[in-house]
Amino acid sequence: MQLNLGDKHKVFIQNIQFLSPVSPHKTDILRLDAIHPIISGNKFFKLKYHLIKAKQEGFDTVATFGGAYSNHIVASACACKTVGLKSIGIIRGEEPTNKSNSLLQSASFGMQLIYVSRLDFKDKEAIKAKYENEKYYWINEGGYSRLGAEGAKDICSWIDESYTDIVCAVGTGTMMAGLVAGAMPHQKVTGISVLKGATNLKQDMQALLRPSDVQKNYELIDGYHFGGYAKHPKELIDYMNDFYKTTNVPTDLVYTAKLCYAVEDLLMKNYFNPNSKIMLIHSGGLQGNTSLPTGTLLF
Ligand SMILES: *Cc1c(COP(=O)(O)O)cnc(C)c1O
């Protein structure tokens, strides 16, 4: 079964020159953000096999979890509408009076939003149990799943053997697991965590790998979260604007800006081999920038 969620032909590879002093490395960025304005970047890949399965197994409703600014929630809402599935978003926290753009958009795609207190949100099984009489196809928070990783593996079809390094931003680790699974033996996958103090991230990511892939060459790097998940101090905003001015690449404040910043910093610290050819993954997420006051960003 094929699902037309976005346009893979729009994906392109762009060479980028970082701001800081020249390095001998070649750096390119895979513009997955171009696939679709909403089901953008890695969300397209993480959702597709779930939606195929939901349809094949005769479900008419998909239910999933996320925060008020979640790219996964918006992408799920839009993707479900596109393929003719109903959707339910279980949202962390009380219903806000001023709803985020993500929530407003999700609702506009017909997603039913159910607000759950932060405490109750922690127990996903208890939430699911409340709806056990409904026939819902459940997708984990952030799309964390083997099937999601299986979809993300397809991202490697754009990365030929000339690349030595693949670098991506990491939330749940699902995309990174897919990249590790799809990488060639000589390629190293480096994941930049955008979470503060996510001590189980490596284990969570590895849990999505086949045993034979656990030994492959990959590394998770901490310390580029800028204060925590979705935190965006002025330094990061300035970086996003500067990066856009030199490369013409728009980044999102939660994931890809921190990814680009980290790669630049790692280049300066000689993390990569001098003759490496690096592919950064632009995993999308630009819709999240709408939470910033207008005029904050140049793009
Ligand atoms: C969701 C998201 C990620 C994180 O992906 P995981 O598979 O959860 O690690 C990275 N980048 C962007 C832009 C995202 O929206």
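Small disclaimer: the values here were computed from a predicted structure and weren't measured.

1. Let's talk about the environment of Arg146
- Mapped onto the fold, Arg146 is located in helix H6 (residues 146–153).
- Remark: the alpha-carbon pair of Arg146 and Glu219, spanning 73 residues in sequence, is separated by 19 Å.

2. Details of the site of the ligand
- Near the ligand lie 15 residues; those nearest to it are Lys43, Lys46, Gly171, Thr172 and Ser283.
- One of the backbone nitrogen or oxygen atoms of Gly171 is found 2.7 Å away from an oxygen atom of the ligand.
- Thr172 has a polar side-chain atom sitting 2.6 Å from an oxygen atom of the ligand.
- For the ligand, the protein covers 97% of the area, taking 390 Å² as the surface of the free molecule.
- If you list the elements that add at least two residues to the shell around the ligand, you get helix H1 (42–56) and helix H7 (174–182).
- Looking at which element gives the most residues to the shell around the ligand, the answer is H1, with three residues.
- For the shell around the ligand, the residue count by class is three nonpolar, nine polar and three charged.

3. Describing the domain arrangement of the protein
- When its domains are assigned, the protein resolves into domain 1 (8–41 + 145–291) and domain 2 (42–143).
- Taking only C-alpha atoms into account, the centre of domain 1 sits 25 Å from that of domain 2.
- Between domain 1 and domain 2 the total buried area reaches about 2000 Å² when both faces are included, carbon and sulfur atoms providing 63% of it.
- Viewed at the interface, domain 2 and domain 1 are joined by one salt bridge.
- Summed over the shared surface of domain 1 and domain 2, the result is eleven residue pairs in polar contact (both at pLDDT 80 or more).
- Put simply, the parts of the chain that give the side of domain 1 that touches domain 2 at least two residues each are H6 and H7.
- Top element by residues in the side of domain 1 that touches domain 2 is H6. It accounts for five residues.

4. Things to note about the pattern of salt bridges
- Per the counting criterion, the structure on display carries twelve salt bridges.
- Here Asp154 ties to Lys48 by a salt bridge, and the two come within 2.5 Å at their closest N and O atoms. Of the two residues, Asp154 is situated in the loop between H6 and strand E7 (165–170) and Lys48 in helix H1; the sequence distance between them amounts to 106 residues.
- Measuring nitrogen to oxygen at the nearest pair gives 2.9 Å for the salt bridge that ties Lys99 to Glu95.

5. Considering the nonpolar core
- Leu51, Ile155, Leu179 and Ile281 are the most contacted members of the largest nonpolar core, which has 56 residues in total.
- When residues are assigned to domains, this core turns out to be shared by domain 1 (8–41 + 145–291) and domain 2 (42–143), each giving three or more.
- In this structure, Tyr224, Tyr255, Leu266 and Leu267 belong to the second largest nonpolar core, which totals 31 residues.

Thresholds applied
- Residues numbered from 1 in each chain as written.
- Predicted model: local features only at pLDDT ≥ 70, side-chain atom pairs only at ≥ 80, totals over all residues.
- Heavy atoms only, no water.
- Helix = DSSP H or I, 4+ residues; strand = E, 2+ residues; numbered from the N terminus.
- Near = heavy atom within 4 Å.
- Polar contact = N/O pair within 3.5 Å; in protein donor to acceptor, adjacent residues only side chain to side chain.
- Areas by Shrake-Rupley, 256 points an atom, 1.4 Å probe, with all protein chains shown as cover.
- Nonpolar A, V, L, I, M, F, W, Y, C, P; charged D, E, K, R; others polar.
- Domains from an automatic or database assignment.
- Buried area = accessible area lost by both parts, 1.4 Å probe.
- Salt bridge = Lys/Arg side-chain N within 4 Å of Asp/Glu carboxyl O.
- Core = buried A, V, L, I, M, F, W, Y, C linked by side-chain atoms within 4.5 Å.
- Buried < 20%, exposed > 50% of the residue type's maximum accessible area, 1.4 Å probe, protein only.

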